[in-house]
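Next come the chains, spelled out residue by residue.
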Amino acid sequence: MALLCGFQWSGTLAWADTPTSNRKPVILVVGDSLSAEYGLQRGSGWVALIEQRLRSENAAYQIRNTSISGDTSSGGVSRLPAALSEHQPDIVIIELGANDALRGLSLGATEDNLSKMISLSQEAQARVLLLGMQIPPNYGRQYAEQFQALFPRLASRHNTQLAPFLMEGMAADRNLFQADGIHPNEQAQPILADNVWEQLGPMIAPQPARQGG
């Protein structure tokens, strides 16, 4: 139910100014095409909608989106150290693993990679939000169930926030997918954003509204 295309996001998704003298806290997104706006108009994906929500909540955060379509957990763990060093995030959102499962890769390796990503983020003093994924049972019921179970297990082991299923509320509706039947379309993005915000919102320190005048 995700994401074997080779589109690469250009690097970062940041809509806020970042003066070094007044650094805003950073949310780093590390994902695949679900987070990289594959097949969507730029600025319409769930990450962009989260950025809009942050502004509406007067939360002085900026987002760095390093997602790459087609990426796996192995790719994520390889490139995360550089991203942590460059962006120094306060929160890391990890959205990876679906491509591992669709390719039939070892779930043990997937779990190890995601575990390393969480540990690296926490060692860098960042809090982590892990986005759970699922695959259809036609990939093998036992395999699908084991894949689904690894996300809450990792969240419990590392004491991280967990969105149990990023595509909750839209995965069974074919009208919410692009023509390929794999990638959520633009109409699905607010649902994805709501699923993320349900867990991200409590992690965001409230910011006072600026006084007018």
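Calculation rules
Per chain, residues are indexed from 1 in the order of the written sequence. Reporting of local features is limited, given that this is a predicted model, to residues whose pLDDT is at least 70; pairs of side-chain atoms are given and counted only at 80 or more, and all residues count toward the totals for whole chains, interfaces and linings. Computation of side-chain values covers all heavy atoms of the structure but excludes hydrogens and water. Strands here mean DSSP runs of E at least two residues long; helices mean DSSP runs of H or I at least four residues long; both are numbered from the N terminus. Polar contacts, as counted here, are pairs of nitrogen or oxygen atoms within 3.5 Å of one another; within protein the pair requires one atom able to donate a hydrogen and one able to accept it, and residues that are adjacent in sequence qualify only if both atoms are side-chain atoms. Note on contacts: a residue pair qualifies if any of its non-hydrogen atoms lie within 4.5 Å across the two residues. In the sections that follow, a salt bridge refers to a side-chain nitrogen of Lys or Arg positioned within 4 Å of a carboxyl oxygen of Asp or Glu. Three exposure classes are used, based on accessible area relative to the maximum for each residue type with a 1.4 Å probe and protein chains only: buried under 20%, partly exposed in between, and exposed over 50%. Among buried residues, the Ala, Val, Leu, Ile, Met, Phe, Trp, Tyr and Cys ones that are joined through side-chain atoms within 4.5 Å form a nonpolar core. In this scheme, a helix's expected span is set at 1.5 Å multiplied by one less than its residue total. DSSP calls a pair of strands paired once it identifies at least 2 bridges connecting them. Axes here mean lines fitted to C-alpha atoms, for a helix over just the part in contact, with angles spanning 0 to 180 degrees between N-to-C directions. When the strands point away from the viewer and the connection leading from the first strand across the helix to the second strand turns clockwise, the crossover is called right-handed.

Q: Just to check I follow, could you spell out the side chain of serine 73 for this structure?
A: Relative to the assigned elements, serine 73 resides in helix α2 (residues 73-87). A polar contact of 2.5 Å, which involves the side chain of serine 73, links it to the side chain of aspartate 100. Reaching out from serine 73, the side chain makes a polar contact with the side chain of asparagine 113 at a distance of 3.0 Å. In contact with serine 73, not counting residues within four places along its chain, are Leu96, Asp100, Ala109, Thr110, Asn113, Leu114 and Met117.

Q: Would you mind going over the pattern of salt bridges with me for this structure?
A: Where charged atoms from two side chains of opposite charge come close, those side chains can pair. Counting across every chain of the model gives seven salt bridges. Across the pair glutamate 37 and arginine 42 runs a salt bridge whose closest N-O atoms are separated by 3.5 Å. Given a relative accessible area of 5%, glutamate 37 falls into the buried group. Judged by its relative accessible area of 51%, arginine 42 falls in the exposed class. Residue glutamate 51 is joined to arginine 55 by a salt bridge in which the shortest nitrogen-to-oxygen separation is 2.7 Å. One end of the pair, glutamate 51, and the other, arginine 55, are both in helix α1 (residues 46-56), four residues apart, so they sit about a helical turn from each other. Here the salt bridges do not stand alone but share partners, grouping Glu111, Arg153 and Arg157 into one network.

Q: Is there a simple way to explain the nonpolar core in this structure?
A: It is characteristic of soluble globular proteins that their nonpolar side chains tend to be buried jointly. The biggest cluster of nonpolar side chains holds 59 residues, and the ones touching the most others in it are Trp46, Ile93 and Leu200. A per-element tally of this core places helix α5 (residues 141-158) first, with seven residues. Setting aside anything within four residues of it in sequence, one finds leucine 200 in contact with Ile27, Ile50, Ile91, Ile93 and Leu129.

Q: Can you walk me through helix α6 (residues 189-200) in this structure?
A: Spacing of three or four residues puts side chains on the same side of an α-helix, whose turn is 3.6 residues. Helix length check: α6, at twelve residues, gives a terminal C-alpha distance of 16 Å against a target of 16 Å (1.5 Å per residue), a fit within 8%. What α6 keeps buried is the set Gln189, Leu192, Ala193, Asn195, Val196, Trp197, Gln199 and Leu200. The inward-facing, buried residues of α6 contact β1 (26-31), α1, β3 (91-95), β4 (127-131) and β5 (161-163).

Q: What should I look at first to understand the sheet that holds β3 in this one?
A: Remark on secondary structure: sheet strands pair via backbone hydrogen bonds, oriented parallel or antiparallel. Sheet architecture is open: five strands sit in the order β2-β1-β3-β4-β5, paired in parallel fashion. For this open sheet the edge positions go to β2 (62-65) and β5, each flanked by a neighbour on one side alone. The sheet shows a mean angle of 20° between the axes of neighbouring strands, direction not considered. Here β1 pairs with β3 via five bridges, running parallel. The residue of β3 that forms the bridge with leucine 28 is valine 92. Across the face of the sheet, α2 comes into contact with β1, β2 and β3 while running at roughly 165° to β1.

Q: Looking at this structure, I do not really get the pairing of β2. What am I missing?
A: Two faces make up the sheet, and in a regular strand the side chains alternate between them. Here β2 shows two buried faces, one formed by Gln62 and Arg64 and the other by Ile63 and Asn65. Since β1 and β2 lie parallel, the crossover through α1 that links them has a hand, and here it is right-handed.

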